[in-house]
Amino acid sequence: MAGGAAALGWATFVEPRLFALRRFRLPVLTPGSRPLRVLQVSDIHMVPGQEAKAAWIRSLAALEPDLVVNTGDNLSHLAAVPPALAALAPLLERPGVFVMGSNDYYAPVLKNPAVYLTKDHARPRDHLGPLPTEQLRTGMTDRGWVDLCNARTRLEVGGQQLELVGVDDPHILRDDYAAVSGSAPTDVAATLGVLHAPYQRVLDAMSGDGADLLIAGHTHGGQLCLPGVGALVTNCDLDRRRAKGVSRWWPGAGLGGAQPKEAAWLHVSAGLGASRFAPVRFACRPEATLMTLVPRDEAAARS
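Rules and cut-offs
Residues numbered from 1 in each chain as written. Predicted model: local features only at pLDDT ≥ 70, side-chain atom pairs only at ≥ 80, totals over all residues. Heavy atoms only, no water. Helix = DSSP H or I, 4+ residues; strand = E, 2+ residues; numbered from the N terminus. Buried < 20%, exposed > 50% of the residue type's maximum accessible area, 1.4 Å probe, protein only. Salt bridge = Lys/Arg side-chain N within 4 Å of Asp/Glu carboxyl O.

Undergrad: I tried to follow unusual backbone geometry on my own but got confused; where do I start?
TA: Across residues other than glycine, the phi torsion is negative in most instances, and most of the peptide bonds are trans. In this structure, His-220 takes a positive phi of about 55° despite not being glycine. With respect to the secondary-structure elements, His-220 resides in the loop between strand E9 (213-216) and strand E10 (225-226). Judged by its relative accessible area of 8%, His-220 falls in the buried class. The phi torsion at Ala-283 lies on the positive side, around 55°, for a residue other than glycine. Position of Ala-283 among the secondary structure elements: in the loop between strand E13 (264-268) and strand E14 (287-295). On the accessibility criterion, Ala-283 (34% relative accessible area) is partly exposed.

Right, dumping it as structure tokens:
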């Protein structure tokens, strides 16, 4: 009994505030390219009054990333847009792109957390009503960040051209990759695919078009994990081994088989927050990720 109470206390009051910065070195750029620093922030799930989280997010600007990628679920409260934008303010001074998640559209609802352990865990569920999505979107685009919801664009980042393609949230069926699909161009340093929820249909399509790096969030890394086992669920159809961190993806990767040489790199962030109705984490610290992109003839590494 005492051990269970201690674990619950840790998961509720301690670990959700142990913010971590993950670092990866990923060989995705064309040979001869200059390294680029890409900072991913995801699943902030901001609630007014979360000053410690906001301060930590603001501190990430000191990393001086070449590009910021926000993979959605910034909100967890009807009044969360101003504090979310205030937390992101220093990062909005950097070049950036974003996609939306379901919790940028709809306020979360109190529900039985046991549903995440059932076959229905990945099904979009009821919500409390619409959030001020357009206020959030305008707050980011007015500062220069590019909306990648079902969009494709080119950006000059660190003196080099990147192709970026994104979709709106697949978890609530707002993705329309067919509208922006196309073969990755050969005259850019890399093509990056951006999405909130890493559903296999979108990962397959983006990697099939030749994207070099796929960047997603949504899973919370499992949120409640078992030491030595890892995530129990991903809240989508991605396998649990890829619930967070770096892996490789290619069309049909979810079915197994040999990894082709040209497989895309995939990074899934465990994110920085959780629904305000389930603000717990266990064996899965909240995180942001700094990815250093290097030429493809260099080795990948985690630091």
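After presenting the structure, the write-up continues.
Undergrad: Which parts of the structure should I look at to understand the pattern of salt bridges?
TA: Close approach of charged atoms lets side chains of opposite charge pair. Per the stated rule, a full pass over the model turns up 14 salt bridges. Note that Arg-242 is salt-bridged to Asp-239, the shortest N-O span being 2.7 Å. The exposure class of Arg-242 is buried, given its relative accessible area of 8%. Since its relative accessible area comes to 21%, Asp-239 is described here as partly exposed. Taken together, the shared-partner salt bridges connect Arg-152, Arg-154, Glu-163 and Asp-187 into one network.

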